[in-house]
Amino acid sequence: MIEIKPLISVENLTVEFPVRGSAVRAVDDVSFEVGHGEIVGLVGESASGKSTLGLSLMRMVPSPGRVRARRMEFDGRDLSALDESQLRQIRGSEISLIVQDALATMNPVTTVLEQITEVVRDHEGVRSRRVLRARAAQALRDVQLPDVEINLRRYPHELSGGMQQRVAIAQGLILGPKLIIADEPTTALDVTVQAQILSLLKQIRDGGTSIIFVTHDLATVAEICDRVLVMYAGRIVESGTVAEVFAEPQHPYTQGLLASLLPLGGDPPKRLDAISGQPPRPEAWPSGCRFHPRCPLWKSKGEPEICVNEDPQPDESRTHWAACHFAGEGVR
Ligand code: ATP
Ligand code: MG
């Protein structure tokens, strides 16, 4: 049997920021893989480290942040061994980043045409205006933007939010990347446009591109992702296929996130604030299991010491695992 290697394989990735003389770990010792043509959801509350993790794959963590990893392999190459010019070559052409606020990443004084063909000029050295125009028009058709010829001449602020996001996606796709990191790409959009962008991302995945989809929203994960990584306090606390994690969440944190989802019909949810308390800050991650101070299972079990003293280790040999001393038990 031929073994198909994952597109990206990360082992023991840590991202530290120096803060007042010490280093805080926004991402702490995470390992994961993303397969070819797979959408992997990265979900968790604010400040859990999702965006920092995404940026670290592009080696774009802002200075003085420090990225370390035992292994960070992308399509057969070691990302941590590349120099700045090799990384520039990879960014955009092989890995591209799509963010929440498309408008903020655009140059207000350049047209959509110039905006999305800049990377084609930079990376492929194409100079012919005719060729650039044809490439841009095709890229916009690929993301189903209407009135392509008119929109190519427009400036970013002349487009609606959904159209801006499509242009950003077209720009991210124009060089045919193998991996897209989409950091909350639909959060700022209304529900209808959101659904259209999600279905577009699914089509892109069906074309063979892998996607890391960063979101707060488990409902979106259920809709478009193949697998999900749940982040809490800089760690991945649960990993599995969407089917596995939604059918049988093993970590009390994931169970809480799922319980807070609004049901699509029927009875209203029993409690919307399923996870009480605030997420911790990286300056003060709790000892042992970082979730224990907020964990209903820990409380219901009489606050066992192991959760306070020992960092739970996941069984990564399984396809579905959770880093919890009492994984899978749930509060009864
Ligand atoms: P959100 O859902 O709000 O986007 P997130 O999960 O994407 O949150 P990150 O933006 O990755 O979280 O931030 C993780 C932690 O890293 C935060 O506590 C943040 O304060 C810290 N952090 C991020 N960037 C920096 C920086 N440049 N300097 C210091 N700390 C930083
Ligand atoms: Mg973020």
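Residues numbered from 1 in each chain as written. Chains lettered and ligands numbered in written order. Predicted model: local features only at pLDDT ≥ 70, side-chain atom pairs only at ≥ 80, totals over all residues. Heavy atoms only, no water.

Caption draft 1: Structural view of the site of ligand 1. If you check the shell around ligand 1, you find 15 residues, and the closest are Ser46, Ala47, Lys50, Ser51 and Thr52. Within the contact set of ligand 1, an oxygen atom lies 2.8 Å away from a side-chain nitrogen or oxygen of Ser51. At 2.5 Å, a side-chain N or O of Thr52 approaches an oxygen atom of ligand 1. Burial of ligand 1 by the surrounding chains reaches 70%, relative to a free accessible area of 640 Å². Ranked by residues supplied to the shell around ligand 1, first place goes to helix H1 (residues 50-57) with 3 residues. When the residues that make up the shell around ligand 1 are grouped by side-chain class, the tally is 5 nonpolar, 6 polar and 4 charged. (Near = heavy atom within 4 Å. Polar contact = N/O pair within 3.5 Å; in protein donor to acceptor, adjacent residues only side chain to side chain. Areas by Shrake-Rupley, 256 points an atom, 1.4 Å probe, with all protein chains shown as cover. Helix = DSSP H or I, 4+ residues; strand = E, 2+ residues; numbered from the N terminus. Nonpolar A, V, L, I, M, F, W, Y, C, P; charged D, E, K, R; others polar.)

Caption draft 2: Molecular detail of the pairing of strand E9 (residues 210-215). In terms of burial, E9 is largely enclosed, as 6 of its 6 residues are buried. Burial along E9 is two-sided: Ser210, Ile212 and Val214 and Ile211, Phe213 and Thr215, pointing in opposite directions, are all buried. In terms of strand pairing, strand E3 (residues 39-43) meets E9 through 5 bridges, oriented parallel. By the bridge assignment, Val43 is partnered in E9 with Thr215. (Buried < 20%, exposed > 50% of the residue type's maximum accessible area, 1.4 Å probe, protein only. Pairing = 2+ DSSP bridges.)

Caption draft 3: The domain arrangement of the protein chain, seen in detail. Domain assignment breaks the protein chain into domain 1 (8-94 + 177-322) and domain 2 (102-176). The straight-line distance from the C-alpha centre of domain 1 to that of domain 2 is 30 Å. Each partner contributes to the interface: domain 1 provides 16 residues, whereas domain 2 provides 13 residues. When domain 1 packs against domain 2, the two sides together hide about 1,200 Å² of surface, and 62% of this comes from carbon and sulfur. (Domains from an automatic or database assignment. Contact = heavy atoms within 4.5 Å. Buried area = accessible area lost by both parts, 1.4 Å probe.)

Caption draft 4: Focus on the sheet that holds strand E10 (residues 227-232). An order of E7-E8-E9-E3-E10-E11-E12 is seen for the 7 strands of this open sheet, with the pairing classed as mixed. Edge positions in the open sheet fall to strand E7 (95-98) and strand E12 (321-322), since each of these has one partner strand only. Here 6 bridges tie E10 to strand E11 (residues 235-241), and the two strands are oriented antiparallel to one another. Considered in E11, the bridge of Arg227 is made with Thr241. Contacting E10 and E11, helix H10 (residues 252-259) crosses the sheet at an angle of about 105 degrees to E10. (Axes fitted to C-alpha atoms, helices over the stretch in contact; angles between N-to-C directions.)

Caption draft 5: Structural context of the pairing of strand E2 (residues 22-34). Bridging between strand E1 (residues 8-19) and E2 involves 9 bridges; their strand directions are antiparallel. Within the sheet, the bridge partner assigned to Ile8 lies in E2 and is Val34. Count of turn residues in the E1/E2 antiparallel hairpin: 2 residues, of which Arg20 carries a positive phi of about 45 degrees.

Caption draft 6: Helix H4 (residues 129-142), seen in detail. Here H4 spans 20 Å end to end across 14 residues, near enough to the 20 Å set by a 1.5 Å rise per residue. Within H4, the full set of buried residues consists of Leu132, Ala136, Ala137, Ala139 and Leu140. Angularly, the buried residues of H4 cover 160 degrees about the axis, an arc narrow enough to put them on a single face. In the core, the buried residues of H4 are packed alongside helix H3 (112-124), helix H5 (148-152) and helix H6 (161-173). Immediately downstream of H4, the backbone of Gln144 shows phi near 55 degrees, a positive value. (Expected span 1.5 Å × (residues − 1). Arc of directions from axis to C-beta.)

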